[in-house]
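# Coordinate analysis (summary)
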Amino acid sequence: MAITTGPKEYFREVSSIKFEGVESDNPMAFRWYDENRMIAGKPMKDHLRFACAYWHSFNGDGSDPFGEATHLFPWLGISDPIERAKAKADAAFEFITKLGLPYYCFHDVDVVDYTSDVAQNDKRLDTLSDYLKEKQSATGVKLLWGTANLFSNRRYMNGAATNPDFHVLAHGAAQVKAALDATIKLGGENYVFWGGREGYMSLLNTNMKREKEHLARFLHASKDYARKNGFKGKFFIEPKPCEPSKHQYDYDAETVIGFLRQYDLLNDFSLNLEVNHATLAGHTFTHELQVAADAGLLGSMDANRGDYQNGWDTDQFPNDINELTEAMLILLEAGGLKGGGINFDAKIRRNSVDPQDLFYAHIGGIDVFARALITANNILENSDYKQLRQHRYESFDAGKGKSFEEGKLSLEDLRAFAIENGEPALRSGKQEYMENIINRFI
Ligand SMILES: [Mn+2]
């Protein structure tokens, strides 16, 4: 992949990141991610389809509720909003290209600053999506998904599609239309809805039933518009139970699947699962992945991790090899992601202020996923992991168990079987044995 730079080199301290193998002590190299290495019949890069998140990497400035920005991006000094946005795009594509990532993802307002004027915003995004299109064709980097930010502007303080004020909902729709236009123009492979404020702060002032019906109407209208304009990709819902709202309607995978089924959206929508959102919902990441995979709706992943000691969405870069090995077992057994990829929805810490830090963060995340993929594939190919699970259910593979699965047995039949066969023997679940398999292959 050719390295292209804009008028300025933003990460001059860093050159292209290459695979050097596990013996390498170069912190600016991949030790596990060898993009063309074949795993289970296809190159590693095709399993993982890594994407850089525009918002955390090029908009997140290190500020938090207690302190001002610490990531002082050079383009912030440019006063013209279009020129500032183009400089940011130059920096983003320089970074993505040096890292060799195949994809990126954005919200509309990450790409260019928005005002309160809908027509002006549409024009700005149109101008910048033309610029991004040039950048894509110069580098070969592709758009994994686009989305609209319907939570930061003050008008969305009570939600967008679920706002009790129809006027606000219409502004949300205007933003989605423009974001879909940009996604379609850029050949975006998917489009994401994350309902940050689609929920409530208090049930006292909320008609939950009506708000959920509005959300469904809004999603149908968005889908119909995109399909009419040639969009062939998937729409993803990204579940999150709370934060910033007290309760969000896209609570977790199981809840979203029920919603999609109720409102006839299953043909067009699937799920984008995020590690830290799973843990906020009281689930493991693997639980969310397995729920989606079982429903045939494992669309995409937002890679990050939370913090064990505090309860909010810290969006740290992933580094837990055990957690990700178990995730890759689900991914491989499910036959891969349905259209999506692995997007680093993660941010470097407030005090990570060197230009190299963004590289270290992504290199670490990429390598731990690559190592997890290799490990999971070894487990599937070289251990009794799969057979142990199958073996637990063998009583349903033949005889009366099979008849039960086929719906052929009544409650009286089941009682007769219990009496005929006496007390069942205790059979080990072998949990510790299986946990040891994971560690053996890591
Ligand atoms: Mn996310």
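The structure reproduced in this document is the subject of the present report.

### Side note on the side chain of N121
Among the structural elements, N121 can be located in helix α5 (residues 118–139). Separated by 2.8 Å, the side chain of N121 and the backbone nitrogen of T115 make a polar contact. Discounting chain neighbours no more than four positions away, the residues touching N121 are Y114 and T115.

### What about the packing of aromatic side chains?
Enumeration according to the criterion identifies 27 aromatic pairs in this entry. Pairing F30 with Y33 gives two aromatic rings, centres 5.4 Å apart and planes at 85°, and the pair type is edge-to-face. Residue F30 shares its accessibility class with Y33, and that shared class is buried. Taken together, the ring pairs in this structure connect Y10, F11, Y54, F58, F73, W75, F93, F95, Y104, F106 and F359 into an aromatic cluster.

### Quick word on the state of the cysteines
Applying the stated criterion to the full structure yields zero disulfides. In this structure C105 is not part of a disulfide, and its nearest cysteine sulfur, from C52, lies 8.5 Å away. Here C105 falls in the buried class, since its relative accessible area comes to 0%.

### Considerations on the nonpolar core
With 125 residues, the main nonpolar core has Y104, M328 and F369 as its most contacted residues. Excluding residues within four positions of it along the chain, F369 makes contact with L48, F50, M301, A303, P318, L324, M328, I342 and F344.

### Focus on the packing of helix α3 (residues 81–99) against α5
One can describe the packing of α3 onto α5 by two numbers: an axis separation of 10 Å at closest approach and a directional angle of 25°. By the angle class used here, α3 and α5 are roughly parallel. In this structure, α3 meets α5 at a crossing whose hand is right-handed. In contact with P81, I82, A85, K86, A89, D90, F93 and T97 of α3, α5 contributes R124, T127, L128, Y131, L132, K135, Q136 and T139. Its residues placed into classes, the contact of α3 with α5 shows eight nonpolar, four polar and four charged.

### Focus: the coordination of the manganese ion
Reference geometry at the metal: tetrahedral coordination by four donors gives ideal angles of 109.5 degrees; octahedral coordination by six donors gives 90 or 180 degrees. At this site the manganese ion is bound by E238 (OE), E274 (OE), D302 (OD) and D345 (OD), with donor distances of 1.9 to 2.2 Å. The exposure class of D302 is buried, given its relative accessible area of 0%. For D345, a relative accessible area of 7% gives the class buried.

### Focus: the sheet that holds strand β13 (residues 298–302)
In spatial order, the strands read β5-β6-β7-β8-β10-β12-β13-β14; together these eight strands close into a barrel with parallel pairing. The sheet shows a mean angle of 30° between the axes of neighbouring strands, taken without regard to direction. Inspection of the sheet shows strand β12 (residues 269–274) paired to β13 by four bridges, in the parallel sense. Looking at the pairing, N272 lines up with S300 of β13. On the sheet, helix α8 (residues 253–262) packs against β10 (234–237) and β12 and is oriented at approximately 165° with respect to β12.

### Brief notes about the pairing of strand β8 (residues 190–193)
Strand residues, when the strand is regular, have side chains that alternate between the two faces of the sheet. With burial as the criterion, each face of β8 is covered, one bearing N190 and V192 and the other bearing Y191 and F193. Taken together, the two bridges between strand β7 (residues 142–147) and β8 define a ladder with parallel strand orientation. The residue of β8 that forms the bridge with G146 is Y191. The handedness of the β7 to β8 crossover, carried by helix α6 (residues 166–185), is right-handed. Sheet topology places β8 next to β10; four bridges connect them, and they run parallel. Opposite V192, over in β10, you have F236 as the bridge partner.

### Focus on unusual backbone geometry
P244 follows E243 through a cis peptide bond whose omega is 15°. Among the structural elements, P244 can be located in the loop between β10 and β11 (247–248). For E243, which is not a glycine, the phi torsion comes out positive at approximately 70°. As for its position among the elements, E243 is in the loop between β10 and β11. What makes E243 partly exposed here is its relative accessible area of 28%.

### Topic: the pattern of salt bridges
The final tally for this structure, using the stated rule, is 18 salt bridges. Put simply, K223 and D224 hold a salt bridge, and the shortest N to O gap is 3.1 Å. Residue K223 is classed as buried on the basis of its relative accessible area, which comes to 11%. We classify D224 as partly exposed; its relative accessible area is 43%.

### Structural notes on helix α10 (residues 285–294)
Of all 10 residues that make up α10, seven are buried, and the element is covered over most of its length. Among the residues of α10, F285, T286, E288, L289, V291, A292 and A293 are the ones counted as buried. Of the surrounding elements, those touching the buried residues of α10 are α8, β12, α9 (275–280), β13 and α11 (321–333). Immediately downstream of α10, the backbone of G296 shows phi near 70°, a positive value.

Reading the values: the criteria
Residues numbered from 1 in each chain as written. Predicted model: local features only at pLDDT ≥ 70, side-chain atom pairs only at ≥ 80, totals over all residues. Heavy atoms only, no water. Helix = DSSP H or I, 4+ residues; strand = E, 2+ residues; numbered from the N terminus. Polar contact = N/O pair within 3.5 Å; in protein donor to acceptor, adjacent residues only side chain to side chain. Contact = heavy atoms within 4.5 Å. Phe/Tyr/Trp six-rings, centres within 6.5 Å; stacked < 30°, edge-to-face > 60°. Buried < 20%, exposed > 50% of the residue type's maximum accessible area, 1.4 Å probe, protein only. Disulfide = S-S within 2.5 Å. Core = buried A, V, L, I, M, F, W, Y, C linked by side-chain atoms within 4.5 Å. Axes fitted to C-alpha atoms, helices over the stretch in contact; angles between N-to-C directions. Parallel < 35°, antiparallel > 145°, perpendicular 65-115°, else oblique. Left-handed = near helix turned anticlockwise from the far one by under 90°. Nonpolar A, V, L, I, M, F, W, Y, C, P; charged D, E, K, R; others polar. Donors = N, O, S within 2.8 Å, 3.2 Å for Na, K, Ca; no water. Pairing = 2+ DSSP bridges. Right-handed = clockwise from strand over helix to strand, strands pointing away. Salt bridge = Lys/Arg side-chain N within 4 Å of Asp/Glu carboxyl O.

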